[in-house]
Every structure is written in structure tokens, then in C-alpha cells.
Amino acid sequence: MSDSAQAEAQPTILYDVADGIATVTFNRPEARNAFTFEMYERLVEICETVNADGSIRAMILTGAGGRAFAAGTDIAQFRAFSTPEDALGYEARIDRVLGALETCRAPTIAAIAGACTGGGAAIAGCCDLRIAASNSKFGFPIARTLGNCLSMSNYARFAELLGTARLKELIFTARLFEAKEALAIGLVSEVVAEPADLMPRAQELARLVAGHAPLTLQATKQALRRLRPAIPRDEGDRLILMCYMSDDFKEGMNAFLEKRAPLFSGLHP
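Since the structure is predicted, the reported quantities are computational estimates derived from the model, not experimental observations.

S.K.: How would you explain the overall build of the chain if you had to name every residue and give the values?
M.R.: Within the chain one finds 11 helices and 10 strands. For the chain, whose C-alpha radius of gyration is 18 Å, the value lies close to the compact-globule estimate of 18 Å for 269 residues. A principal-axis box enclosing the C-alpha atoms of the chain has dimensions of 55 × 50 × 35 Å. The 269 residues of the chain split such that 46% are buried. Put simply, of all contacts in the chain between residues at least 6 apart along the chain, 71% involve residues at least 24 apart. With the model as given, the accessible surface of the chain reaches about 13000 Å², and the carbon-plus-sulfur share is 55%. The positive charge centre, built from 28 side chains, and the negative charge centre, built from 32, are 4 Å apart in the chain.

S.K.: Pulling in residues and values, what's your account of the packing of aromatic side chains?
M.R.: Enumeration according to the criterion identifies 13 aromatic pairs in this entry. Between phenylalanine 26 and phenylalanine 35, the ring centres sit 4.9 Å apart and the planes meet at 75°, which makes this aromatic pair edge-to-face. Judged by relative accessible area, which is 0%, phenylalanine 26 ranks as buried. Note on phenylalanine 35: relative accessible area 1%, which makes it buried. Linked through ring pairs, Phe37, Phe78, Phe81, Tyr90, Tyr244 and Phe249 together constitute an aromatic cluster. Seen from the ring of phenylalanine 37, arginine 93 lies directly overhead, with NZ or CZ sitting 4.4 Å from the centre.

S.K.: Explain the pattern of salt bridges to me, using residue names and the numbers behind them.
M.R.: In a structure, side chains of opposite charge can pair up when their charged atoms sit close to one another. Considering all chains together, one arrives at 19 salt bridges under this definition. One salt bridge connects aspartate 74 with arginine 28, and the closest N-O pair in it is separated by 2.9 Å. Pair noted here: aspartate 74 is in the loop between strand S4 (68-71) and helix H3 (84-102) and arginine 28 is in the loop between strand S2 (21-26) and helix H2 (37-52), with a separation of 46 residues, a long-range link. We note that aspartate 74, like arginine 28, is buried. For glutamate 102, the salt bridge is made with arginine 157, and the minimal N-O distance between the two is 3.2 Å. Of the two residues, glutamate 102 sits in helix H3 while arginine 157 sits in helix H5 (residues 152-162), which places them 55 residues apart along the sequence. The same class applies to glutamate 102 as to arginine 157, namely buried.

S.K.: Just give me the short version of the environment of lysine 168, but keep the residues and values in it.
M.R.: Its place among the elements puts lysine 168 in helix H6 (residues 164-173). Owing to a relative accessible area of 51%, lysine 168 belongs among the exposed residues under this scheme. Residues lysine 168 and tyrosine 155, 13 residues apart in the sequence, show an inter-C-alpha distance of 9.9 Å.

Analysis parameters
Residues numbered from 1 in each chain as written. Predicted model: local features only at pLDDT ≥ 70, side-chain atom pairs only at ≥ 80, totals over all residues. Heavy atoms only, no water. Helix = DSSP H or I, 4+ residues; strand = E, 2+ residues; numbered from the N terminus. Rg over C-alpha atoms; globule rule 2.2 N^0.38 Å. Buried < 20%, exposed > 50% of the residue type's maximum accessible area, 1.4 Å probe, protein only. Contact = heavy atoms within 4.5 Å. Areas by Shrake-Rupley, 256 points an atom, 1.4 Å probe, with all protein chains shown as cover. Lys, Arg positive; Asp, Glu negative; His and termini not counted. Charge placed at Lys NZ, Arg CZ, Asp CG, Glu CD. Phe/Tyr/Trp six-rings, centres within 6.5 Å; stacked < 30°, edge-to-face > 60°. Lys NZ or Arg CZ within 6 Å of the ring centre and 35° of its normal. Salt bridge = Lys/Arg side-chain N within 4 Å of Asp/Glu carboxyl O.

Following this line, the structure appears as C-alpha cells:
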């Protein structure tokens, strides 16, 4: 069996439970663990499984291979986009997936090595705790890649996590934050020296959290989430369509797949 065929035969998300701790591993290392739509749906299923199993006291999310936590959505998933419904449906899907992760009953820990970008950064941002290896890089480089935008819910999540000034810097410069900078601004709570040290430390942290009063942790998660202003579901739809239906989005996608720099015009429907 070829390496590519063997990769296709493996589950794209691995799920395991041991001693009350669930481990979710994004398992497309050949694609830097970029998410397909099926992977997003599988993550929702896992959250539902954890919610139904009171014996699970913590959940770790990580990426296989050590080179990436998750490098966003697989760009190939966008090739079929042609209608406003495609764009709005995609962002609604992402909001639903992230909502399922945020409301997961068990405390969640993102164990991050390598690239943590786009949708991967959004997933990590929805986790309760984040620790990183020293090779980690974080960001939403959409201003220099696809020319799309975040949903209003994601803008709210990351404005809350980073502050609006830092979020603007992250998106406007399209640069990636190194692990030390992520630690300094509170995006992660800890940095370990080597990727090999990451999972042992994540497991140690999960055991610590799993030993604490579960209702206290659940109440804290729910209380902090309720403090965030509610955003109407259709708020921001015009902004999503302005970006996703533009020639710039098509140019960004084609340029990414062709491995060249995009030429953005700034024109929109």
C-alpha cells in the first residue's frame, strides 16, 4: 500500500478514552491536519459522546505528526463554493462545531505543536486551556491567503481572548505568533521545550483538572460563556458574502493551490 493510500485508510480523527481522560487526535499529518467537512462533523459527534459519558472528566485535543495542531480548513473544500448559501452554510457549520466544543461538559485542553492556524486556531481558542510546544505558531493569515473573513461569533471569541487591538494586529498583519509571544499575551498558559514533551504534560494537566470538582468547572464554563454578548445568527452575513463571493476569494484560493502570491483587487459584489 502506498503512503497516500495508507493515509487515506486511517481515520482522520482518532478518539481514545483512558482513565477518564478522552484524547482527540487530528490525524492528517500529510496535510498538516487540515480539516475536511467530515472532520468538523466528527468533532461534534465526539463532543456529544463526551457529554453523554459522565465518567469522562477531561478531554485533550492535539494534532498528529508534531508539525501542526491543525492548519485550518482544507482549501480543497472551498473549490465547489459558488452561491451565497455555500458561504453562509460554511460559516454556520464552523460556528456550530465551535459551539459544540465550547459547550462540551468536560474541560478541554488544546495540546499544540506546529501550525495552529485558521480553523485550527479557532478550535484551540474554544478550548478551556491551551499549552504549546516551542515550535508552535498561531494565527489567522487570511488577509494574505484566501481573502475571506471570520464569522461575527469568531470575532467575538477572539476579541474576548486577545483584546480587539491584538486581534486587529493578528489579522491585519497576517503574521503568525510564535510560542513565546503567545505565552506573553496569554493565548497559551504554558510552553514546553520539545514537541515530545507536549502530550505527557497535557496528560498531567488533564489528570489535575479531572481530579477537581466537575460541577465547579462546568458552572465556570457556562458562566463565562453567558457573559459574552449574544450575537444574532444572521449578524455579519453581509460581511461573509462580501468576502466569500468576491473575485478576491477565488483568486486567493487559486493562488494558494498554485503556490503563488495572490493579486487582490478589493472589488466585491
